[in-house]
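Spelled out from the first residue to the last, the chains are:
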Amino acid sequence: MPEFTIAVQRGEAEAESQWTDYIVDVEEGQVVLDVIHRIQATEAPDLAVRWNCKAGKCGSCSAEINGKPRLMCMTRMNLFDPAEKITVAPMKTWPLIRDLVTDVGFNYETAEKIPAVKLGEPSEDGDFRMHQEDVERGQEFRKCIECFLCSDVCHVIRDHPENKENFFGPRFFVRLAELDMHPLDQEDRIDLVKNDAGVGYCNITKCCTEACPEDIHITDNAIIPLKERVIDSSYDPIRWIGRKIAGK
């Protein structure tokens, strides 16, 4: 079994956190989360780490491995050279709780600000119907596992935490796009997208898309369409007049 040196960032306050090196034997097929569990079992039983499914579907074990946001359970150890030290750190965008665990409560508070689907009247037979192409359009967005890696890499809030009050982040642009493209939804969220969600802050660097473990095209299929809808609604004179007449 090859030996790896794993440097884990540990501490309860970001300013006081420090790197601790562990030398670990790695078996074939193991992932970074396996190694973290081995460290817990053999050397550091007090090491804090959040995880659940170990199958890449719960989004719990997000961390920064060699500086890159990843799911620990989906990052195989054979990607790395045993001769090089591997670093494992908590996500930088969220407040540190302890070791590899961060406080992502901001995201759940943000979710509460988004109105749910508002259905119109059903057909005469009482059913709601959609075209299959409309179903498939939103299916991509429903793959989101809320790992929040996309928001972790977003420089709008990673480098400027003061923007969190006015910027929902990529994960919730995905949610807003899903709702906005729902063919049966009657809720108007344009002002929310423009003002509260702050979609205008995004300068389309696509870093969120690159970080997504579910390969959701966040920038092209969610953020850019939302920006286009905001522009059409707010700055197209005919649509602007229509909204004023409708009292929106």
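These numbers were taken from a predicted model, which means no experiment stands behind them.

Asks: Sorry if this is basic, but what is going on with the packing of aromatic side chains here?
Replies: Taken as a whole and judged by the stated rule, the model has four aromatic pairs. Aromatic side chains Trp 94 and Phe 106 sit 5.8 Å apart centroid to centroid with 25° between the ring planes, which places their arrangement in the stacked category. Here Phe 106 lies in helix H2 (residues 105-111) and Trp 94 lies in the loop between strand S5 (86-89) and strand S6 (96-98), a separation of twelve residues in the sequence. Under the relative-accessibility criterion, Trp 94 is labelled buried at 2%. Judged by relative accessible area, which is 17%, Phe 106 ranks as buried. Seen from their ring centres, Phe 167 and Tyr 201 are 6.1 Å apart, and the 65° between their planes marks the pair as edge-to-face.

Asks: I'm lost on the packing of helix H6 (residues 170-180) against helix H9 (residues 218-235) in this one. Help?
Replies: When two helices pack together, their arrangement is given by the angle between the helix axes and the distance between those axes. Packing of H6 against H9 leaves a shortest axis separation of 9 Å and a crossing angle of 65°. Judged by the inter-axis angle, H6 sits roughly perpendicular to H9. Of the two possible hands of crossing, H6 and H9 adopt the one that is left-handed. Of the residues in H9, those touching H6 at Pro 170, Phe 173, Val 174, Leu 176, Ala 177 and Asp 180 are Ile 218, Ala 222, Ile 223, Leu 226 and Arg 229. Within the contact of H6 with H9, the residues separate by chemical class into nine nonpolar, no polar and two charged.

Rules of the game
- Residues numbered from 1 in each chain as written.
- Predicted model: local features only at pLDDT ≥ 70, side-chain atom pairs only at ≥ 80, totals over all residues.
- Heavy atoms only, no water.
- Phe/Tyr/Trp six-rings, centres within 6.5 Å; stacked < 30°, edge-to-face > 60°.
- Helix = DSSP H or I, 4+ residues; strand = E, 2+ residues; numbered from the N terminus.
- Buried < 20%, exposed > 50% of the residue type's maximum accessible area, 1.4 Å probe, protein only.
- Axes fitted to C-alpha atoms, helices over the stretch in contact; angles between N-to-C directions.
- Parallel < 35°, antiparallel > 145°, perpendicular 65-115°, else oblique.
- Left-handed = near helix turned anticlockwise from the far one by under 90°.
- Contact = heavy atoms within 4.5 Å.
- Nonpolar A, V, L, I, M, F, W, Y, C, P; charged D, E, K, R; others polar.

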